[in-house]
Every structure is written in C-alpha cells, then in structure tokens.
Protein chains: 2
Amino acid sequence: MEKVVDQTLQAALEKFNALDQKITHFSSIIGLTDWDSKVMAPKKGRNVFAKATGTLRTEVFKLQVSEEMGDLLAVLTSAENSEVLDQVTKVKVREYNEFYQKSKSIPADLFQEYSILTAQANDAWEEAREKNEFAIFLPYLEKIVDYKRKFAEIYGYEDHPYDALLDEFEPGLTVKRLDPLFAELRESSVNLLERIKKSGKTTPEEVFEQSFEIEKQKEFNRFILPIIGFDMEAGRLDETVHPFAQTVTIGDVRLTTRYIEKNVRSALFGTIHEAGHGIYEQHVNPAYEESVLQSGASFGIHESQSRFLENMVGRSNEFWNYFYPHLVKYFPAQLKNVSVDGFYRAVNSVKPSFIRVEADELTYNLHIMLRYEIEKALIGGEIEVKDLPAVWNQKMQDYLGITPSTDSEGVLQDVHWSFGGFGYFPSYSLGNLYAAQILRTIQKEIPDFYAHIENGRFEVIQEWLRENIHQYGKLYTPNELIIKITGEQLNANYLVEYLEKKYSEVYGL
Amino acid sequence: MEKVVDQTLQAALEKFNALDQKITHFSSIIGLTDWDSKVMAPKKGRNVFAKATGTLRTEVFKLQVSEEMGDLLAVLTSAENSEVLDQVTKVKVREYNEFYQKSKSIPADLFQEYSILTAQANDAWEEAREKNEFAIFLPYLEKIVDYKRKFAEIYGYEDHPYDALLDEFEPGLTVKRLDPLFAELRESSVNLLERIKKSGKTTPEEVFEQSFEIEKQKEFNRFILPIIGFDMEAGRLDETVHPFAQTVTIGDVRLTTRYIEKNVRSALFGTIHEAGHGIYEQHVNPAYEESVLQSGASFGIHESQSRFLENMVGRSNEFWNYFYPHLVKYFPAQLKNVSVDGFYRAVNSVKPSFIRVEADELTYNLHIMLRYEIEKALIGGEIEVKDLPAVWNQKMQDYLGITPSTDSEGVLQDVHWSFGGFGYFPSYSLGNLYAAQILRTIQKEIPDFYAHIENGRFEVIQEWLRENIHQYGKLYTPNELIIKITGEQLNANYLVEYLEKKYSEVYGL
C-alpha cells in the first residue's frame, strides 16, 4: 500500500512542479509586457495589446484555480503527504493553496461584478480627481467598500474584518499587531515634526530649485547604479512618469525613473529606491527561479529593501561623503556653493505637504497612517464613504498641521481605492519599520556599516542583505523572516529612534 | 433538423473564433518577446526567459493541434458547412486546417527528434562557420535533409518533392512554376552583369568609404521614416545587429536597423527595407486584427513590399532628387563633392561579392538562385550534402564569376539550413519579381508615380499599396493576390526589364 501512496505523491509532485513552472513562465512574460506597455509600446498598439495580455492573465488565473490545481493541492495538503514534503515544496503548496482557497471562495458572479465595477471606478476616480469632485467617485467607492466588506467576511478573520484584507498584502498581519506599532510611530512622528517646526531651523533646500541638465542626470544615475549593487547585466534603467521596478526573471530586472530638470532629487532617489527593489530580486536564490518562490517575501518586506537603500543608505551623511564629489563633477555650477553637509541636510528636508508621493522620510508615515485609519474604520463600518473628505482633512490637520484646499490634493490623490487595494497602504510604512529594524541588526553585525558606505564599499552591505534576506525569495513569511533576520518581532522602536537621531542631526534639535 | 445544424455551426464558429483570437493574442505576445530578446533584454536573463517563451510557444502549438481545434475544423470543413461560411471565415479555416493537417501528419516522435536535431545543428553550424570547417556541420545537415525528404513525402506533392517545402513559405508555389521564372531571370542577370563588367564603367562608390557620424545617421533615419509612410505612433525604430521588422499588433510594428560609421548605406537601406515590411503590417484592415488574417499574404509578398520600397522607390533617381538635399544638410562635409546623380549611381553600384546579405540589387537574385538550385537538387536526391561546397563554388563561378576562398564565405554563410528552412530562400527573389510586376501596374494606374516620389508625396503611393495590397492581410493566397493586383500571374519579364533599364541608366550601357 505504501508504495502506491508514494507513487501517487510522486506523480502529483511532478505535475504540481510543472504547473508551477508554467504559471511562473507566463507570469514572467506578463511582467515583460507590463514593463513594455509603460516604457516602450507605441500609442496606437496599446489597447489591442492590453487585450492580448488580458488573455494571458486570464490563462494564468485559470491555471491557478483549475481542477487540476485543486486535485493536486488536495493530494499535497493531505495529512500524511504534507508531512513528508521538503521545505521548498511546502512553501509552494502554501502559496498556491492560499490563492486557490481564496479565489474559490468568491462566487464567480460576484467576482465578475466586482471586476467590472473596479474598471468603471478607475475611470470615475480619474474624472473626479480631474474635476475635483468627490461626488463623482463616491457611488463607486461605496460599492467597492461594500464588496470589500463582503470579501472580508468570506475570507474570514479572527478579530477585525480589515485583517482579511491586510493579509493579501502582508500575510499574517492584523489590526491587533499593527495598531500599537503605528500608534507609537505616529505619536513620536507628530511630536518630532512639531519640534522641527518650532526650531525655526531650515536646510539649504534652495539648491534643488536650480536646473540640472537631464543628460547629465542620466549619466549620474547610470554611474551610481552598479556601485550601489545593481547588476546592469541583469537589468536595465529606463524612463517613465511613475518610477517602478519590474522583474522578468532573476537575470532580468528592469528599473525606471523620472528625470525632471528642476528637481534633481526626483530621479536620484527614485532610482536608488527602485534599485532597492531590483537588487532584492536579482539576489533571489537561482534555485527558486521559474517557481512561485522567485519573488520577494511580501509587499512590506519588499518596500523595506527599497526604503533601506533610499533612506538609511542613500540619505545618509556617509553616502554623500562618498558620492558628493562625483555629483559636483557632473554639476559644478549648480553645486559650487553647497557643502557636502549642506547637501546632506537638503536631501533630508522635512516639510508637511499634501501629496503622499512627494512627502519626506518623516511625514510620509503620517500620510500612510491617515489612510490606514480610514481604511480600517471603513471596513469596520465605523465611518461611511461620504464622510471621507471631512475625515481626511481633519486627520491632515491633526497629524501634519495642514488642510488641503481641494479633494484632488486630499482624499482623491491616490489610485489605490479605485482598484480596491484596501490593505495596500500599510505596506509602505511597514517597509520603513522593517528597514530600521534591519539597520539596527546590520550595524550590530557589521559595526563599520557606515564606514563602508563612506568608502563606497557597497558590496559588503549587499552581500549581507543577499545572505540574510534576498536569497530566500518567498521562502519565509514576512513574520518568520524578520525574526530570522533580527531575532525579534517587528517593533516600532527602531524607526522611532532612527528618525529622532537623524532629524536631531539634520535640524540640530 | 436544419435549425439544429445551424445551432451546431453557430456554436462551432463562436468557439473557433475564440480559439483563433486566443492563438493570435499569444502570438502577438510572442512577437513582443522576440523583439525584446533581440533589442532590450539584458544578457543574464536571456536563457531563462527563452524557456518561458518556449512554454508559451508550446501552448500555441498545442492549441493549433488540439482535439478542440480538430473537432471544430471537422465541423467547419464539412461539405454542407463550408459552403455557407463567409470569406473571412473560410480563409481562417483554410489557414488553421493546413497547419493542423500538416502537423498531425508528422508522428510526434519524429517531430520531437527533428526539433532536437535542429537545435544541435544550429550550434554545429555556428562552430563550423567560425572554424571554417564544413565537416562539422555535414553530419547534421545530412540528417536534416533526410528529415526534410521524409516530411516532403508525408506532406505530399504532385511533381517534385521540393514543392511540399516551397508550399510552407509560398502557398501554392511549385518547381514547375518557379523554374522558368528563375531561368529567365538568371540568364538575363548573368548577361547584364557581364555587360556591366565589360563596360569598365564605375560609380562614385568611394563616397561611402567616409565616416558618417552615427548620431546624425539616426536623426536622418528618423527623419525619413514618417515621410515614406511609416507611422511612428504605431511603431518604433531601434538598433540590432541584424535588422528586422516585428509585428506585435497592427498598431505596434517595430523596426530595427544597424548603424555603421563607415557605411551610411547599411542603416539607410536597412531602415527603408524594414519600413516596407512594417508599413504593410500597419495597413492591414483593422477588422482582421486579433485573428490569423492580421499578417501578410506570404513570405514572398511580404518581401515584395520591402524590396519595392527599398529598391524601386528608395534606389530611384527621384527618391534622391527629393531626399539628397536633406541628406547633404546632415552630412555637408562628406557630400560636398558628390552630385545627386553621382549619389544615385553610387547607391546602385553593382559588384559580385560572396555574401548574400551584402549583395546589390542585381547580383542578389543570383545568390538566391544558386541556393534554390541546390535545395531542389538535395531534396530531389540529385546531389548529396557532402557535395555542397563544390557545387556551391562552381555555381558562384558560373553566375557571379568569383569563387569563395573559404566555406565560411561560401556554403556556410547562411543560418537557414541549420533550422531546416528549406524552401525559404526563393521568397527573397520572388519578392523582387512581385515588386517589379507591381511597379508596372502602379505606374499604369498612377502615371505620375515617380513625380510623386520626386516631390515627396509618398502618401499617394502608400495609399495605393494600402488599398490594393496591404489591407487584405492574409485574405488572399499569393497567387490570387498578384492576379488581383496586376491582372496576371507572376512572370519574370517585368523584373528583367526593370533591371535592364536601371543599369543601362546607372552604367550608361
């Protein structure tokens, strides 16, 4: 009898791995088409090609929820079989099973209605933002929230319905865990911001009001990328309006950035940020390539790697001690009266502003928490969609001390809700929290951490990140991974301390 | 009863069209990935991504030969049904049915062995060419020829086994039809070449021995493309070692060219040639998009459009009367002592040479005929693979009056045989034959044809090509199409006369 079971299991494993590879191959191709449509595709071909990629996306979805997948998962998750699987296979089964169970739990009709709704909602949101009229978006958003509440009930949760949505972006995360983390960070950030404002001190930010030739910017961005650890033979750097990183394969990770003549910071930190995402993907264990494991652990962990490189590394004094003399060679006229210390302080300027994507390292988290609190209250039924503009503006005043004069620069600014991405925003601040905790560990294990940066020895740092984080791909859940890396659960102290220290230095508090 | 039949037919049509769309969508995506791998992809990602696209290619093949496809084709080709189908559906059924029947006729094992062989043969060919050792390629080519002979028998033919292979590239073409066409062209070409050589006259070709800044070349290529009719909003122009045109969708056709500083002709005529392919695809009736009809009629017809634009238009006196003053603005130093007439004669220089892809308009066809005769004799069993180097060199001497000193610049120069592409080469000269016949018709219908070119009114010409050729996509077989366009079957007179007239002018014979 035993032999028969083994043969069944063996056959199931072979089929499962082949299916995993097929899905991953198709996903790689979809990744390429996404990149191409944003970076290369000529205008007139986009609509029809979007239908073509839609067909491939549908194929991937069908494979993920196919009868074959269901049968294989049933075999592989059975009590006697799941015990004998190796770790990698267990994780693959976990990943596919979660998606399968969730997708299967939503009735097909409901999912179809919801898909049509979000497509329409995106148009409505665009129009509402353009016309500065929340009422245009309101009925769509109300319906989306209704669906999301329904989905949360179907998916199930222990304490808070929002947990079911958080789990899609950060597996295992709950309101219960997030509330205290964010509360601590919010209080200290509001307080720190208050002290910065009261100090009356400023940074020489006016350096960035000058023109920086775009061709020179491009050269400089290309100059730094390989030095900070991005392998240009396993990737590209191109231009788009909204910078992003797109993985095709581990050997083909594509970054984009945006060059603005009057804002040299935009491309620079955009490139470093996306490089953080890209290096993560380039460093995944090649053994996981062509499988569902080949990507990062979660949205939050991914964001930790981009924030770490952009902020903890790229906005450090030591980073600019190394790179500033080079930057001065590219822009001698613009930088002739700016010291490296002035430049360091300028790239760390803090100023409350309305738009999240333009916010500085300190106020950014307050933008996120405002959204988190709104999402949680909406899904929990404590506020209604029609209340959003008022709630938004009140929170902006409470946390940042400013009130948007229009909804377009307030509640209507982000695309996320129009595609139903509730639970997505927290990832951004989680990234900062993870990054600061990782920084503390890396500084313990590499006491010369900042000296390496100051000397341009980024390979020492990247090797540590590869060894301790990147190589694992999706092998560990985010919670398992942060404990494995730092020896403890995520907590807010490290980011709070990091921000306190940095801004005391920058603003001489 | 009738109603039941109608419903069955209706259902079959819906499924067939959905399957056609899915296959075409996937093919569009494969088109993009092919382009990307040659133009954009970073080095380290290529191998794994090639596996991913291999998975998608296999999926397309599986759909094309699937049981579902077989069942649908059986319904749609049944006597009572095939009569009631509209023209477009009939053509779709014809296209899929031909592929289905051919693919089904080759036993799976045989096809698998053959696929492995051609993969190995490509490596062997590369090595052989590099080391200039035909013996390395010999055993592989022998096997490929054996398979091709077998395939020809399985596919079936009336007169000559090579017909079965020709049909794959030029549906309906046979040795019986091609032999007299090529014989006429060969005799007159050899004779004309002889007279040119004897005349002792030359063209001021030395103009091309100068350096032309690559950036300026790029600008000039981008300048001419939209003028000659390529829609830059529905396409791109990039760089590769081997220029090509790749269709993604009708609204997304991508060209590549190659810039060589010491050879301004290379990019220029490469770009015009590929634009001929590209404009064809941009002009296909949008109603055929997302279906198998969305491409050109055949390899030969496609080549006719690129040759027409490159040679009949792009190497005409009138073309340079219009463009030369612009070119002079881009390269004043290089062109200061060259008249427009001198330039025209220089771009039409004739000189026997060893490498097909570098050959001029006259000798090119002789390179093709040599290959055609060898392929025909190989498949017909009249010569054996081991004889190839000797046969090749003898024919080079007979037709071009030169003998290659190595096999690398002789029998080993082309990739085609290594992938089993027997029957492909004739398309190139067919393109020239079609193009000259089309030129004769267009000159009848637009008597000011060359005056339009001289005045830069390319839209008049492109509109005619769109209306009479391009819009039809794959709707007509090549033979149907040339008769529809020109009122007669393909014949060699027009190309013979065209070449005679042009070279009498260029060389003052």
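The preceding data block contains the structure.
Fair warning: this is a prediction, and the values are worked out from it, not measured in the lab.

Trainee: An account of the pairing of strand β3 (residues 252–257) of chain A is needed here, citing residue identities and associated values.
Mentor: Residues and elements named next belong to chain A. In terms of residue burial, β3 counts as a mostly covered element, since six of its six residues are buried. Going residue by residue along β3, you find Asp252, Arg254 and Thr256 tucked away on one face and Val253, Leu255 and Thr257 tucked away on the opposite face as well. Bridge analysis of strand β1 (residues 235–239) against β3 gives five bridges, and the strand direction is parallel. By the bridge assignment, Glu239 is partnered in β3 with Thr257. Where strand β2 (residues 245–249) meets β3, four bridges bridge the pair, whose relative direction is antiparallel. Opposite Thr247, over in β3, you have Val253 as the bridge partner. What sits between the antiparallel neighbours β2 and β3 is a turn of two residues.

Trainee: Lay out the sheet that holds β1 of chain A in plain terms, naming residues and giving numbers.
Mentor: Residue and element names in this part refer to chain A. If you trace the three strands from one edge of the open sheet to the other, you get β1-β3-β2, paired in mixed fashion. A single partner strand is all that each edge strand has here, and the edge strands are β1 and β2. Strand-to-strand twist in this sheet, taken as the mean axis angle between neighbours without regard to direction, amounts to 20°. In the packing of helix α11 (residues 264–282) onto the sheet, the strands contacted are β1, β2 and β3, and the crossing angle to β3 comes to about 165°.

Trainee: So, the relation of the copies chain A and chain B: which residues are in play, and what are the values?
Mentor: After a rotation of 180° and a shift along the axis of 0.0 Å, chain A superposes on chain B with an RMSD of 0.1 Å. What we have between these two chains is a two-fold relation. When you check the interface residues of chain A against chain B, 100% turn up at the interface there too, and the contact is symmetric in its surfaces.

Trainee: An account of unusual backbone geometry is requested, with residue identities and associated values reported.
Mentor: Backbone geometry places Asn132 of chain A, a non-glycine residue, at a positive phi of 55°. Examined against the element boundaries, Asn132 of chain A turns out to sit in the loop between α6 (108–131) and α7 (134–155).

Trainee: Summarise the environment of Trp125 of chain A; cite the residues concerned and give the values.
Mentor: All names here are of chain A. Relative to the elements of secondary structure, Trp125 occurs in helix α6. Judged by relative accessible area, Trp125 falls into the buried class, the value being 6%. The residues touching Trp125, leaving out its near neighbours within four places in the chain, are Phe137, Leu412, Gln413, Asp414, Val415 and Ser418. Polar contacts involving the side chain of Trp125 include one to the main-chain carbonyl oxygen of Asp414, which spans 3.2 Å.

Trainee: Please set out the interface of chain A and chain B residue by residue, giving values where relevant.
Mentor: Between chain A and chain B, the contact holds 37 residues from the first and 37 residues from the second. Carbon and sulfur atoms supply 64% of the area buried between chain A and chain B, which totals about 3200 Å² over both sides. Summed over the three residues of chain A that lose the most area to chain B, namely Pro42, Lys44 and Glu233 of chain A, the buried surface amounts to 17% of that side. For the pair chain A and chain B, the number of links is 10 salt bridges. Across the salt bridge formed by Asp36 of chain A and Arg254 of chain B, the nearest N and O atoms sit 2.7 Å from each other. For the pair chain A and chain B, the interface holds 18 residue pairs in polar contact (both at pLDDT 80 or more). Elements with a contribution of two residues or more to the side of chain A that touches chain B: α1 (2–39), α2 (46–64), β1, β2 and β3 of chain A. It is α1 of chain A that contributes the most residues to the side of chain A that touches chain B, 10 residues altogether.

Trainee: With reference to specific residues and values, describe the packing of aromatic side chains.
Mentor: One pass over the full model with this rule turns up 77 aromatic pairs over all chains. Ring centres of Tyr364 of chain B and Tyr428 of chain B lie 6.2 Å apart, and the angle between their planes is 85°; this geometry places the pair in the edge-to-face category. Of the two residues, Tyr364 of chain B sits in helix α16 (residues 364–379) while Tyr428 of chain B sits in helix α18 (residues 426–445), which places them 64 residues apart along the sequence. Accessibility assignment for this pair places Tyr364 of chain B and Tyr428 of chain B in one class, buried. Taken together, Phe208, Phe220, Phe223, Phe269, Phe319, Trp320, Tyr322, Phe323, Tyr324, Tyr330, Phe343 and Phe458 of chain A form an aromatic cluster joined through their ring pairs.

Trainee: Lay out the packing of helix α9 (residues 175–199) of chain A against helix α18 (residues 426–445) of chain A with the relevant residues and their values.
Mentor: Residues and elements named next belong to chain A. At a minimum axis separation of 12 Å, α9 and α18 run at an interaxial angle of 70°. Compared by their axis directions, α9 and α18 come out roughly perpendicular. In this structure, α9 crosses over α18, and the sense of that crossing is left-handed. Of α18, the residues touching α9 (which contributes Leu178, Leu181, Phe182 and Leu185) are Pro426, Ser429, Leu430 and Leu433. Of the residues assigned to the contact of α9 with α18, the class counts are seven nonpolar, one polar and no charged.

Trainee: Explain the sheet that holds strand β3 (residues 252–257) of chain B to me, using residue names and the numbers behind them.
Mentor: Residue and element names in this part refer to chain B. Overall, mixed pairing links the three strands, which are arranged β1-β3-β2 in an open sheet. The open sheet is flanked by β1 (235–239) and β2 (245–249), the only strands paired with a single partner. Adjacent strand axes in the sheet meet at a mean angle of 20°, parallel and antiparallel pairs treated alike. Strands in contact with helix α11 (residues 264–282) are β1, β2 and β3; relative to β3, the strand with the most contacts, it is inclined by about 165°.

Calculation criteria
- Along each chain, the written sequence defines residue order, and numbers are assigned to residues from 1.
- Written order determines the labels here, with chains lettered from A and ligands numbered from 1.
- Under the rules for a predicted model, residues below a pLDDT of 70 receive no local features and side-chain atom pairs below 80 are neither given nor counted, while totals for whole chains, interfaces and linings still include all residues.
- Excluded from the side-chain calculations are hydrogens and water; all other atoms, namely the structure's heavy atoms, are used.
- Residue burial is assigned from relative accessible area. The probe radius is 1.4 Å, only protein chains are included, and a residue is buried under 20% of its type maximum, exposed over 50%, and partly exposed in between.
- Helix numbers and strand numbers start at the N terminus; a helix is a DSSP run of H or I with at least 4 residues, a strand a run of E with at least 2.
- When DSSP finds two or more bridges between a pair of strands, those strands are recorded as paired.
- Note on method: axes are straight lines fitted to C-alpha atoms, helices fitted across the in-contact stretch only, with angles between N-to-C directions ranging 0 to 180 degrees.
- Throughout, a contact is declared for two residues whenever any of their heavy atoms are within 4.5 Å.
- The copies were overlaid with a least-squares fit restricted to C-alpha atoms from residues scoring a pLDDT of at least 70 in each copy.
- By the criterion applied in these results, polar contacts are pairs of N or O atoms within 3.5 Å in which, for protein atoms, one can donate a hydrogen and the other can accept it, and in which residues neighboring in sequence qualify only through two side-chain atoms.
- In short, buried area is how much 1.4 Å probe accessible area vanishes from two parts on joining, totalled over both.
- By convention in these notes, a salt bridge is any Lys or Arg side-chain nitrogen within 4 Å of a carboxyl oxygen on Asp or Glu.
- A pair of Phe, Tyr and Trp rings is counted when the ring centres sit within 6.5 Å of each other, with Trp represented by its six-membered ring. The angle between the planes then sorts it: under 30 degrees is stacked, over 60 is edge-to-face, the rest tilted.
- We call two directions roughly parallel when the angle between them is under 35 degrees, roughly antiparallel when it is over 145, roughly perpendicular when it lies between 65 and 115, and oblique otherwise.
- Left-handed is the label given to a crossing in which the near helix is rotated counterclockwise from the far helix by less than a right angle, and right-handed is the label when the rotation is clockwise.
- Amino acid classes used here: Ala, Val, Leu, Ile, Met, Phe, Trp, Tyr, Cys and Pro are nonpolar; Asp, Glu, Lys and Arg are charged; the rest, including Gly, are polar.

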